[in-house]
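So the chains spell out like this:
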Amino acid sequence: MAKISKRALKWLGASLGVAIVAFIGVRYFIKRHNALPEGIVSGNGRIEAKLVDVAAKEPLRVKEILVDEGAPVQPGQVLARLDTVTLQSQLAGAKASIDAAEEKLAAANATIVKEKSEINLAAIEVDRSERLVADRAGSQRELDVRRAKLETTRATLAEAEAGVETAKQGVEVARADAATIQTRIEDGTLRSPVTGRVLYRLAEAGEVLAPGGKALTLVNLQDVYMEIFLPSEFAGSVKVGAEGRITVDYDTKRAVAGYVSFVSPEAQFTPKQVETKSEREKLMFRVKIQLPKEVASQYVERIKTGVRGVGYVKVKDTAVWPERLQHLVPTGTTVGLGE
């Protein structure tokens, strides 16, 4: 083997020393750059959003699914239609029942008019008979018969008036039945309750969904957050409503302003996605940093859930954000979040 000269060894040692110093310097710079001032703590997490299931209320066959996985959706947008032919038949029957009930009500009202006319006539006849008996030109028996007829007619009127109330209730019941069936038919049109994106398409045309059967799962992109896990020494000082910041791993130079919306009252082992096994072995408290709705609404087309990042929260109101966390993602632009 060729011997290495002392000069070469000297240069090799010098180069190695420079590399070590540079490495230590870079590590020191990164550590100093990432250092947080007192009163601010951080934890690893992922961009997440609430999931919403779009499901059938009763057993119906799927007629058509109008959206695919990944499609954006808006509140009120029709996502799927279920076959409601049977319900349409029931609605036709309910409308016929309404017509029949209204006819009964009209007949009951006509009976009242008739009975009132007969009462007026019977009253006139009683008055005439009373005058005739007073003048000794009529019989007491005829007067008693006419009085009895008047009372019978009044009783018949009361019965007819009760029949009108029954008929009215029949109309209301028939209309309520029709309205219920109409609501069931409308429930056969599945609409989006949120602004978001289709995550899973769980049913296809021709399938029968059970009550509560899911047709689609949506990501609510106006309810976006990051969950981090903090040890008790810090979690105890975190307040709901405290200021927060979120950064994503691919772009640590910008942050998104948020706020603490939840602090778990119970400790737990941290989940698998948190960095190291040693961290997962610790009992930690779950803290949710919520993205403001107005910010989420602006970036709804660009938000991607599952992107890893870091969440920061203030445990002291007087703490000042470091400069790198003051560079916030601006509103009114097309800069992406989680993308």
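Conventions used here
- Residues numbered from 1 in each chain as written.
- Predicted model: local features only at pLDDT ≥ 70, side-chain atom pairs only at ≥ 80, totals over all residues.
- Heavy atoms only, no water.
- Helix = DSSP H or I, 4+ residues; strand = E, 2+ residues; numbered from the N terminus.
- Buried < 20%, exposed > 50% of the residue type's maximum accessible area, 1.4 Å probe, protein only.
- Contact = heavy atoms within 4.5 Å.
- Areas by Shrake-Rupley, 256 points an atom, 1.4 Å probe, with all protein chains shown as cover.
- Pairing = 2+ DSSP bridges.
- Polar contact = N/O pair within 3.5 Å; in protein donor to acceptor, adjacent residues only side chain to side chain.
- Salt bridge = Lys/Arg side-chain N within 4 Å of Asp/Glu carboxyl O.
- Core = buried A, V, L, I, M, F, W, Y, C linked by side-chain atoms within 4.5 Å.
- Lys, Arg positive; Asp, Glu negative; His and termini not counted.

## A look at the overall build of the chain
Alright, step 1. Of regular secondary structure, the chain possesses six helices and 12 strands.
Alright, step 2. Burial statistics for the chain: of 339 residues in total, 35% are counted as buried.
Alright, step 3. Counting contacts in the chain only where the partners sit at least 6 residues apart, residues at least 24 apart contribute 77% of the total.
Alright, step 4. Summed over its atoms, the accessible surface of the chain is roughly 20500 Å², and 55% of this surface lies on carbon and sulfur atoms.

## Some remarks on the sheet that holds strand S2 (residues 60–65)
Backbone-to-backbone hydrogen bonds pair the strands of a sheet. The strands run either parallel or antiparallel.
Alright, step 1. With antiparallel pairing, the four strands of this open sheet are ordered in space as S5-S4-S2-S7. With partners counted over all chains shown, the strands left at the sheet margins are strand S5 (189–191) and strand S7 (208–209), one partner each.
Alright, step 2. Where strand S4 (residues 78–82) and S5 come together, three bridges link them in antiparallel fashion. Counterpart to Ala 80 in the pairing with S5 is Leu 190.

## Points about the environment of Asp 187
Alright, step 1. With respect to the helices and strands, the residue Asp 187 is situated in helix H3 (residues 140–187).
Alright, step 2. For Asp 187, a relative accessible area of 25% puts it in the partly exposed group.
Alright, step 3. Between the C-alpha atoms of Asp 187 and Glu 58, which are 129 residues apart in sequence, the distance is 8.8 Å.

## Quick look at the environment of Gln 290
Alright, step 1. When you line up the elements, Gln 290 lands in strand S11 (residues 283–290).
Alright, step 2. For Gln 290, a relative accessible area of 9% corresponds to the buried category.
Alright, step 3. C-alpha of Gln 290 to C-alpha of Asp 223: the two residues are 67 residues apart in sequence and 7.7 Å apart in space.
Alright, step 4. For Gln 290, the contacting residues outside a window of four places in its chain are Asp 223, Val 224, Tyr 225, Gly 258, Tyr 259 and Ser 261.
Alright, step 5. Within the local environment of Gln 290, its side chain forms a polar contact with the side chain of Asp 223, the two groups lying 2.7 Å apart.

## What about the pattern of salt bridges?
Alright, step 1. Going through the model one piece at a time under the given rule, you end up with 13 salt bridges.
Alright, step 2. Of the charged contacts, one joins Asp 68 and Arg 201 as a salt bridge, the two residues approaching to 2.6 Å between their closest N and O atoms. Of the two residues, Asp 68 sits in the loop between S2 and strand S3 (72–73) while Arg 201 sits in strand S6 (residues 196–201), which places them 133 residues apart along the sequence.
Alright, step 3. The exposure class of Arg 201 is partly exposed, given its relative accessible area of 23%.
Alright, step 4. Glu 165 serves as the salt-bridge partner of Lys 168, at 3.9 Å between the closest nitrogen and oxygen. One end of the pair is Lys 168 and the other is Glu 165, both in helix H3 and three residues apart, which spans about a single turn.
Alright, step 5. We classify Glu 165 as partly exposed; its relative accessible area is 44%.
Alright, step 6. Put simply, Asp 68, Arg 201 and Glu 204 are held in one network by salt bridges that share partners.

## Remarks on the environment of Asp 223
Alright, step 1. For Asp 223, the location among the structural elements is in strand S8 (residues 214–230).
Alright, step 2. Look at Asp 223 and you get buried, because its relative accessible area is 17%.
Alright, step 3. Dropping the residues within four chain positions of it, Asp 223 is found in contact with Glu 48, Ala 49, Lys 50 and Gln 290.

## Points about the nonpolar core
Alright, step 1. Membership of the largest hydrophobic core comes to 30 residues, with the highest contact counts inside it found for Ile 47, Leu 230, Val 238, Val 287, Ile 303 and Val 313.
Alright, step 2. Within the residue set of this core, elements represented by two or more residues are strand S1 (40–55), S8, strand S9 (243–248), strand S10 (251–269), S11 and helix H6 (293–298).
Alright, step 3. Sort the elements by how many residues they give to this core and S8 lands first, with six residues.
Alright, step 4. Of all hydrophobic cores here, the second largest spans 28 residues; its members include Val 54, Ala 56, Val 198 and Ala 215.

## Side note on the pairing of S2
Alright, step 1. Of the pairings in the sheet, the one linking S2 to S7 comprises two bridges and is antiparallel in character. Counted as the bridge partner of Leu 60 is Leu 209 from S7.

## Here we look at the side chain of Arg 324
Alright, step 1. Within the fold, Arg 324 resides in the segment after strand S12 (308–314).
Alright, step 2. Buried and unpaired, Arg 324 has no salt bridge, with Glu 323 as the nearest side chain of opposite charge at 9.4 Å.
Alright, step 3. For Arg 324, the side chain forms a polar contact with the side chain of Tyr 312, separated by 3.3 Å.

## Describing the side chain of Thr 217
Alright, step 1. Its place among the elements puts Thr 217 in strand S8.
Alright, step 2. A residue is classified by how much of its surface remains accessible, and Thr 217, at 5% relative accessible area, is buried.
Alright, step 3. Not counting chain neighbours up to four residues away, the residues in contact with Thr 217 comprise Leu 51, Val 52, Asp 53, Arg 197, Val 198, Leu 199, Tyr 200 and Leu 202.

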